[in-house]
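Single-letter residue listing:
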Amino acid sequence: MGYWLAKFVFLGPLLRLLWRPWAEGLENIPDDRPAILASNHLSFCDSFFMPLTVPRKVTFLAKAEYFTTPGVKGWFSRFFFSAVGQVPIDRDDKDASAGALRTAVRVLQEGHNNLLGIYPEGTRSPDGRLYRGKTGVARMALQSGAVVIPCAMVNTEIIQPQGRILPRLRPRPGVRFGRPLDFSRYEGLVGDRFVERSITDEIMYELMQLSGQEYVDLYAADVKKAQGQDAAFGARSTVPSRLPDSRAS
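Residues numbered from 1 in each chain as written. Predicted model: local features only at pLDDT ≥ 70, side-chain atom pairs only at ≥ 80, totals over all residues. Heavy atoms only, no water.

> Kindly report on the side chain of Gln-160, identifying the contributing residues and their values.
Mapping Gln-160 onto the fold places it in the loop between helix H8 (156–159) and strand S8 (174–177). Here the side chain of Gln-160 touches Ile-165 through a polar contact of 2.8 Å, landing on its backbone oxygen. Ignoring sequence-local partners within four residues, the contact set of Gln-160 consists of Ser-43, Phe-44, Cys-45, Ile-165, Leu-166 and Pro-167. (Helix = DSSP H or I, 4+ residues; strand = E, 2+ residues; numbered from the N terminus. Polar contact = N/O pair within 3.5 Å; in protein donor to acceptor, adjacent residues only side chain to side chain. Contact = heavy atoms within 4.5 Å.)

> Lay out the pattern of salt bridges with the relevant residues and their values.
Oppositely charged side chains are able to pair whenever their charged atoms sit close together. Summed over the entire model, instances satisfying the criterion amount to eleven salt bridges. Arg-179 serves as the salt-bridge partner of Glu-206, at 3.2 Å between the closest nitrogen and oxygen. Of this pair, Glu-206 sits in helix H9 (residues 193–211) while Arg-179 is found in the loop between S8 and H9, placing the two residues 27 residues apart along the sequence. Beyond isolated ion pairs, a larger network of salt bridges with shared partners links Asp-127, Arg-129 and Glu-214. (Salt bridge = Lys/Arg side-chain N within 4 Å of Asp/Glu carboxyl O.)

> Lay out a nonpolar patch on the surface in plain terms, naming residues and giving numbers.
The grouping of Trp-4, Leu-5, Phe-8, Val-9 and Phe-10 at the surface amounts to a nonpolar patch, some 510 Å² of accessible area in total. Of note, Leu-5 is situated in helix H1 (residues 2–10). Exposure remark for Leu-5: the relative accessible area of 31% places this residue in the partly exposed category. (Patch = residues over 30% accessible without salt bridge, like charges linked within 9 Å, V, L, I, M, F, W, Y side chains within 5 Å. Areas by Shrake-Rupley, 256 points an atom, 1.4 Å probe, with all protein chains shown as cover. Buried < 20%, exposed > 50% of the residue type's maximum accessible area, 1.4 Å probe, protein only.)

> Describe unusual backbone geometry, and please don't skip the residues or the numbers.
Along the chain, Arg-170 connects to Pro-171 via a cis peptide bond; the corresponding omega equals 5°. Checked against the element boundaries, Pro-171 lands in the loop between H8 and S8. If you check the backbone angles, Arg-20 has positive phi at about 45° while not being a glycine. Counting through the fold element by element, Arg-20 comes out in the loop between helix H2 (12–19) and strand S1 (22–24). Positioned with a positive phi, Asn-155 is a non-glycine residue whose angle comes to about 75°.

> Talk me through the environment of Val-54; I want residue IDs and the actual numbers.
Examined against the element boundaries, Val-54 turns out to sit in the loop between helix H3 (46–53) and strand S3 (58–63). In this structure Val-54 comes out as buried when scored by relative accessible area, which is 3%. C-alpha of Val-54 to C-alpha of Leu-26: the two residues are 28 residues apart in sequence and 7.3 Å apart in space. Each residue touching Val-54, except ones within four places of it in the same chain, is listed here: Lys-7, Leu-26, Ile-29, Leu-115 and Phe-177.

> Quick one: what's the story with H3, residue by residue and with numbers?
In terms of burial, H3 is largely enclosed, as eight of its eight residues are buried. The set of residues buried in H3 consists of Asp-46, Ser-47, Phe-48, Phe-49, Met-50, Pro-51, Leu-52 and Thr-53.

> Give a detailed account of the nonpolar core, specifying residues and quantitative values.
Core analysis: the biggest nonpolar cluster contains 31 residues, and Leu-37, Met-50 and Phe-177 have the highest contact counts within it. Excluding its chain neighbours within four sequence positions, the residues that come into contact with Leu-37 are Ile-29, Met-50, Val-58, Leu-115, Leu-116, Gly-117, Ile-118, Ile-149 and Cys-151. Counting 25 residues, the second-largest nonpolar core is a separate cluster that includes Ala-104, Ile-118, Ala-141 and Val-195. (Core = buried A, V, L, I, M, F, W, Y, C linked by side-chain atoms within 4.5 Å.)

> Hey, could you go over H2 for me, with residue numbers and the actual values?
Those residues of H2 lying buried are Gly-12, Leu-15 and Trp-19. In a view along the axis of H2, the buried residues occupy a sector of 70°, so they form one face of it. Of the surrounding secondary structure, the elements contacted by the buried residues of H2 are H1, H3 and H8. Where H2 terminates, the next one or two residues include Arg-20, which has phi positive at roughly 45°. (Arc of directions from axis to C-beta.)

> Explain the pairing of S8 to me, and be specific about the residues and the numbers.
Note that S1 and S8 share three bridges and pair parallel. Within the sheet, the bridge partner assigned to Ala-23 lies in S8 and is Val-175. For strand S7 (residues 147–154) and S8, the ladder comprises four bridges, and the chain directions are antiparallel. By the bridge assignment for S8, Ala-152 is matched with Arg-176. (Pairing = 2+ DSSP bridges.)

> Residue-level account of the confidence of the model for the protein, with values.
Confidence in the prediction of the protein, expressed as mean pLDDT, is 86, and 86% of residues score 70 or more. Across residues 231–238, where pLDDT falls below 50, the model places 19 contacts with residues more than four positions away in sequence or in other chains. (pLDDT = per-residue confidence, 0-100.)

> Describe in detail the packing of helix H7 (residues 136–144) against H9, supporting the description with residues and values.
Put simply, H7 and H9 touch, their axes get as near as 8 Å, and they point 105° apart. Relative to H9, H7 is oriented roughly perpendicular. Facing Val-137, Ala-138, Arg-139 and Leu-142 of H7, the residues of H9 in contact are Val-195, Glu-196, Ile-199, Thr-200 and Ile-203. Per-class residue counts for the contact of H7 with H9 are six nonpolar, one polar and two charged. (Axes fitted to C-alpha atoms, helices over the stretch in contact; angles between N-to-C directions. Parallel < 35°, antiparallel > 145°, perpendicular 65-115°, else oblique. Nonpolar A, V, L, I, M, F, W, Y, C, P; charged D, E, K, R; others polar.)

Below is the structure:
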């Protein structure tokens, strides 16, 4: 109930009126089976604008900080994500992360057409580039049997760069939904780290193609840590680039 009230009564109409988000490729989201919406992560507002463009409910694996941040922004974040049934994941606690992944698989298996949103990079990009994906998305796809829909957020890093509380009104934010990726050919191979890495790289390759972002073969969290975490948004880090594999073999 909270999700639909926020989307169609309290928050959604305002977001549509002021920012007019656009979407391409909505037809790629299947109507008759569960799917994982795997997105790049450029801004805090990604978790608002992407679900707004999708007719069905999207449940996200949200980072724990969205539920524990102090102050007014933290209260609003906690209220919003809790109200719409989002799942917090503590990225520093392996047991908590495993529990969140189990919850995600349960969400996908509970309904015939549930949608789960996830950011394979694990955190927002520190400089607008696309970083190496974590293999949790592959494990979820293998365990649940759900297809993966690559989603590319567009312009959100411009309207709400890191440190900005309210998004700018322009340019319009958008989402590009790519073709479904079916990994059923790897059924029974959950836990095979080579298979999970190959699947993840295929997803990241599709995201790179959709978004047009430069790819960096490092984890975004490691880059943030090396930079002292809150490096200025848009600052170029001296890290190497490498294209992910185009298809898991």
